[in-house]
Amino acid sequence: MIDEKEFIQQLLDPKTQNTAFQKLISDYQKPLYSHIRNIVLNHDDTDDVLQNTFVKVFQYLKNFKGESKLFSWMYRIATNEALTFLNQKAKLKGITSEDLQNKTIDNLKSDVYFDGDEIQIKLQKAIVTLPEKQQLVFKMKYFEELKYEEIAEILGTSVGALKASYHHAVKKIELYVTSN
């Protein structure tokens, strides 16, 4: 296994770039898809955002300073792309992001790529009621099982703040689920 710095050099070198980028896509496509899908909820939208994410990664790799892991940097790009996508889509429809997410949740039952049940739908509806940061932290911790340290690196915040956000998110979700 080559180290990350070597791999980044391969990604930047025109001679090895294509092969290295194919490896990057094969290694990160599934985890990034899952991460984006947890944010935008819709399969087709997720594919679009994933494609945009890889385009941005390719476009800005030369600016990657190595201050974080490549994984964290790519997740940050994916997160920002997903949130930007949701905000733009809501703006185009003239509704809030929360209303857009609620409509998407209502359509999940007919989504052939969604294999959840009523409880999953209720959980998604509870998550939408959270502030954006709590949504992200909860989804990354609960669905993706990322460590607090990884989430802190991706979101650029402290582990303590994340633990507090996650705790508040869980309490709000519990309250929503028991009262609805």
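In this text the structure is predicted, and so the values were computed from the model without any measurement.

The rules behind each value
Residues numbered from 1 in each chain as written. Predicted model: local features only at pLDDT ≥ 70, side-chain atom pairs only at ≥ 80, totals over all residues. Heavy atoms only, no water. Phe/Tyr/Trp six-rings, centres within 6.5 Å; stacked < 30°, edge-to-face > 60°. Helix = DSSP H or I, 4+ residues; strand = E, 2+ residues; numbered from the N terminus. Buried < 20%, exposed > 50% of the residue type's maximum accessible area, 1.4 Å probe, protein only. Lys NZ or Arg CZ within 6 Å of the ring centre and 35° of its normal. UniProt positions renumbered as here; feature names shortened; annotations may be inferred.

(A) Representation of the packing of aromatic side chains within the structure. A full pass over the atoms with the stated rule returns nine aromatic pairs. Both rings, one in Phe-71 and one in Tyr-75, keep their centres 4.4 Å apart while their planes meet at 40°; by these two values the pair is tilted. One end of the pair, Phe-71, and the other, Tyr-75, are both in helix α4 (residues 70-93), four residues apart, so they sit about a helical turn from each other. Tyr-75 matches Phe-71 in its accessibility class, with the two residues each being buried. Note on Tyr-148 and Tyr-166: the rings are 6.3 Å apart at their centroids and 75° apart in plane angle, and the pair reads as edge-to-face. Placement of Tyr-148 in helix α8 (residues 148-155) and of Tyr-166 in helix α9 (residues 159-179) is noted, with a sequence separation of 18 residues between them. Of the two residues, Tyr-148 and Tyr-166, neither departs from the other in class, the shared state being buried. The ring of Tyr-148 has Lys-141 lying over it, and the distance from NZ or CZ to the ring centre is 4.5 Å.

(B) Here's a closer look at the UniProt feature "domain: RNA polymerase sigma-70 region" (unreviewed entry) in the chain. The UniProt record annotates "domain: RNA polymerase sigma-70 region" (unreviewed entry) at residues 24-90. Helix makes up 84% of residues 24-90 and strand 0%, and the two end C-alpha atoms of the span are 31 Å apart.

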